[in-house]
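So you can see what is in the structure, the chains are spelled out below.
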Amino acid sequence: MVTVLVVDHEPQAVHELRDALIGCGHDVLVAEDGETALDIASSGKPDVVVLDPAMPDTDPVELIADLRERTPVPVIVLSERPEPTYKVSALDAGADDYVTKPFDLEELLARLRAFVRRANAEVARDPVVIAEAFTVDLGAKRVYRKGVEVHLTPNEWAVLEVLVRNSGRLVSHHRLLREVWGPDRVGELQYLRVYLAQLRRKLEDDPSRPRHLITEPGLGHRFEL
């Protein structure tokens, strides 16, 4: 059973989403304010967070960032704000996906299942890839820089894994978006800008002049040893 933390201050929205998730066999925790959401996230109980960050008691982007500090599990944002700048701010703060309200419930449930499958996938016997600035253990899903493990969010890891598994080959924008976020997100190029920038800050010796995580403008991205 997957435990989903639903964070929303609108009782009707919480009720509808809670019933749908329970109907799919999930366990559901509910928070109607930011402080409660952070407390529950810190308990380690949820496997995924579904969040409307427009809470009356806190700044939306700050709430996402605080949640990301408390838990490594996927955070799916549900918001009525469709503007790209807000989406980028939410993703940059640590959200793993962004769904605009009103949304299709079946689509949301499919996204949730995809995140959970990826998070719970069996660890395979995969190689350890040693780059100049960092080491990627594909089997253990861990990254090390100068001997110290680097924490990556689920989507940061997913982007890095696709690139590392295609080492030396150009991965198109559309392919990378499709493999990490699904076919309906192939036009969301801002996702890649956000996550590649985050990965470079965490892994490259000089993020402004990346050695390993390369962008080919207008084409895609490539991992180089």
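Refer to the preceding data block for the structure.
Please read these numbers as outputs of a predicted model, since none were measured by experiment.

1. Quick look at the pairing of strand β12 (residues 220-223)
- Every second residue of β12 is oriented toward a common face, with Gly 220 and Arg 222 on one face and His 221 and Phe 223 on the other, all of them buried.
- Where strand β10 (residues 171-172) and β12 come together, 2 bridges link them in antiparallel fashion. Across the sheet, the residue bridging to Val 171 is His 221, located in β12.
- Counting the residues in the hairpin turn of strand β11 (residues 213-216) and β12 gives 3 residues, including Gly 218, whose phi is positive at 80°.

2. Comments concerning the packing of helix α3 (residues 60-70) against helix α4 (residues 84-93)
- The contact between α3 and α4 brings their axes to 8 Å, and the two run at 25°. Our classification of the angle between α3 and α4 gives roughly parallel. At the point where α3 passes α4, the crossing takes the right-handed sense. Taking contact as the criterion, the partners of Pro 60, Val 61, Ile 64, Ala 65 and Arg 68 in α3 are, on α4, Tyr 86, Ser 89, Ala 90 and Ala 93.
- Tallied by class, residues from the contact of α3 with α4 come to 7 nonpolar, 1 polar and 1 charged.

Reading the values: rules and limits
Numbering of residues starts from 1 in each chain and follows the order in which that chain's sequence is written. A pLDDT threshold of at least 70 governs which residues receive local features in this predicted model, and a stricter bar of 80 or more applies before side-chain atom pairs are shown or counted, although totals over entire chains, interfaces and linings include all residues. To obtain the side-chain values, all non-hydrogen atoms of the structure were used and water was disregarded. Note on classification: 1.4 Å probe, protein chains only; a residue is buried when its accessible area is under 20% of the maximum for its type, exposed when over 50%, partly exposed between these limits. For helices the rule is a DSSP run of H or I covering at least 4 residues; for strands it is a run of E covering at least 2, with both sets numbered from the N terminus onward. Pairing between strands is defined by DSSP: at least two bridges between them are needed. Each axis is a line fitted through C-alpha atoms, taken for helices only over the stretch in contact, and angles between the N-to-C directions span 0 to 180 degrees. Throughout this description, any angle smaller than 35 degrees is read as roughly parallel, any larger than 145 degrees as roughly antiparallel, any in the 65 to 115 degree range as roughly perpendicular, and the remainder as oblique. Note on convention: the crossing is left-handed when the near helix lies turned anticlockwise from the far helix by less than a right angle, right-handed when the turn is clockwise. Contacts are assigned to residue pairs with any non-hydrogen atoms lying within 4.5 Å of each other. Polar here means any residue other than Ala, Val, Leu, Ile, Met, Phe, Trp, Tyr, Cys and Pro, which are nonpolar, and Asp, Glu, Lys and Arg, which are charged; Gly is therefore polar.

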